[in-house]
Amino acid sequence: MTDERRGVYPFCAPCTAASEAWRTAELTGPMGGRFYGHHDVCENCGSSVRTLYNTVLWVPVSKAGRYRIIPTGGRSYVARRVVDEPVAAVVRREPVAVAHPELDATPEYRLAEACWAESEPGQALPHYQAALAEREQVLAADDPATLRVRLRVAQGLLATANYGRAIAWFELITPQLVAVFGPHHELTRAATEAVTGARLMVGGPRSEALLLTDIVAADIDRLAATDRQLVRDRAALGKALLACGDISDAVEALIQVVRDAVPGHPDTAVYRAALTEACEVAEARGKKRDVQLAGAARQLLSRADAPTSR
Ligand SMILES: [Zn+2]
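Residues numbered from 1 in each chain as written. Predicted model: local features only at pLDDT ≥ 70, side-chain atom pairs only at ≥ 80, totals over all residues.

**Student:** How should the overall build of the chain be read in this particular structure?
**Tutor:** Along the backbone of the chain there are 13 helices and five strands. Split into buried and exposed, the 310 residues of the chain put 35% on the buried side. Within the chain, contacts between residues at least 6 apart in sequence are counted, and of these 55% link residues at least 24 apart. (Helix = DSSP H or I, 4+ residues; strand = E, 2+ residues; numbered from the N terminus. Buried ≥ 20, exposed ≤ 12 C-beta atoms within 10 Å, placed from the backbone. Contact = placed C-beta atoms within 7 Å.)

**Student:** Could you clarify how one ought to interpret the pairing of strand β5 (residues 77-82) in this entry?
**Tutor:** Each regular strand displays side chains that alternate between the two surfaces of the sheet. Across three bridges, the pairing between strand β1 (residues 19-21) and β5 is antiparallel. Among the inter-strand pairings, Ala 21 is bridged to a residue of β5, identified as Arg 80. Sheet topology places strand β4 (residues 59-71) next to β5; five bridges connect them, and they run antiparallel. Looking at β5, one finds that Arg 68 is bridged to Arg 80. The turn linking β4 back onto β5 is made up of five residues, and Gly 73 within it adopts a positive phi angle of 100 degrees. (Pairing = 2+ DSSP bridges.)

**Student:** I keep staring at unusual backbone geometry and nothing clicks. Help me out?
**Tutor:** Across residues other than glycine, the phi torsion is negative in most instances, and most of the peptide bonds are trans. A positive phi angle, near 60 degrees, is found at Ser 119, a position not held by glycine. Structurally, the position occupied by Ser 119 is in the loop between α4 (107-117) and α5 (121-138).

**Student:** What is the right way to look at the environment of Arg 135 in this model?
**Tutor:** By the secondary structure assignment, Arg 135 is in helix α5. Owing to 25 C-beta atoms within 10 Å, Arg 135 belongs among the buried residues under this scheme. On a C-alpha basis, the gap between Arg 135 and Leu 147 in space is 9.7 Å, while along the polypeptide they are twelve residues apart. When neighbours within four sequence positions are excluded, Arg 135 is seen to be in contact with Leu 103, Ala 145, Thr 146 and Val 149.

**Student:** Would you mind showing me how to read helix α12 (residues 266-285) here?
**Tutor:** Spacing of three or four residues puts side chains on the same side of an α-helix, whose turn is 3.6 residues. The end-to-end C-alpha distance of α12, which contains 20 residues, comes to 30 Å, matching closely the 28 Å that a straight helix rising 1.5 Å per residue would cover. All of the buried residues along α12 are Asp 267, Val 270, Tyr 271, Ala 274, Leu 275, Ala 278, Cys 279, Val 281, Ala 282 and Arg 285. Against β3 (48-56), β4, α7 (163-181), α10 (228-244), α11 (247-260) and α13 (288-302) lie the buried residues of α12. Directly after α12, the chain includes Gly 286, whose backbone phi takes a positive value near 80 degrees. (Expected span 1.5 Å × (residues − 1).)

**Student:** Would you mind going over the packing of α7 against α10 with me for this structure?
**Tutor:** Relative orientation and spacing of two packed helices are given, respectively, by the angle between their axes and the distance between those axes. Between α7 and α10, the shortest axis-to-axis distance is 8 Å and the interhelical angle comes to 85 degrees. Judged by the angle between their axes, α7 and α10 are roughly perpendicular. Residue-level contacts link Arg 165, Ile 167, Ala 168, Trp 169, Glu 171 and Leu 172 of α7 to Arg 232, Asp 233, Ala 235, Ala 236 and Lys 239 of α10. (Axes fitted to C-alpha atoms, helices over the stretch in contact; angles between N-to-C directions. Parallel < 35°, antiparallel > 145°, perpendicular 65-115°, else oblique.)

**Student:** Where do I start with the environment of Val 59 in this structure?
**Tutor:** Turning to its location among the elements, Val 59 is positioned in strand β4. Residues Val 59 and Ile 247, 188 residues apart in the sequence, show an inter-C-alpha distance of 9.1 Å. Aside from chain neighbours lying at most four places away, what touches Val 59 is Gly 245 and Arg 285.

Given below as structure tokens:
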């Protein structure tokens, strides 16, 4: 007669088995959370699955997971967190320590490593950027050997106070680091800590969006529309706008990103995931213009990973 078999009151056994205990967080106030949706109603215990969004100024900005909810009168409820398939947390492939002697021996890479070892990330940065270009010609963008250099480029940008472009790199590579090395690997942790530091320096999503707006404008002046730097910076702008609650601007920016990104490239998968998240927020919020834009975005996303209007 364990709790698992009987279920944790008032949830039935199957609903208990598919969820985990969750301490109800403070969900009120300008920085809080709000449940949307109502589906998978259980005939046994009457619970339903709702999606929790983090909110800023009562505007949903990011998905915080799915919960089984049973209302307990008034505005109160009991909730258990639905255990999803841990897709993102599964290491896609073992980061095989394939040696790349020819890439590790190039002058650019050796210079970069030497500067880094001397704690001169600013001097290392251009050499890492050159070494990264060498690597991406022969290895996948999310190859473990490429990712190590991508992380150094991002860290070099952060160390030289290029906060906006650093954030853009960290946002791109963090999902790739999670997929390739796992969420708890030292490289993944280095990226998540660094982006937190960059955000502290920038000071809030509104400042981040303004900074990235200027960066994207500068990119547009001197780069082709499909240049990977422009695409990467614009993706970060889209995510910053989403964090500000500027949902339709966010969806528009991310639509442009997915249109301009190289089909089938590992980076494009990250951008498509960002657009999907923005669509979920737009649909959850339910404002007509947001929902229409999300519909257009979903159409774009449904066209497989294929070239679009151009
Ligand atoms: Zn149930």
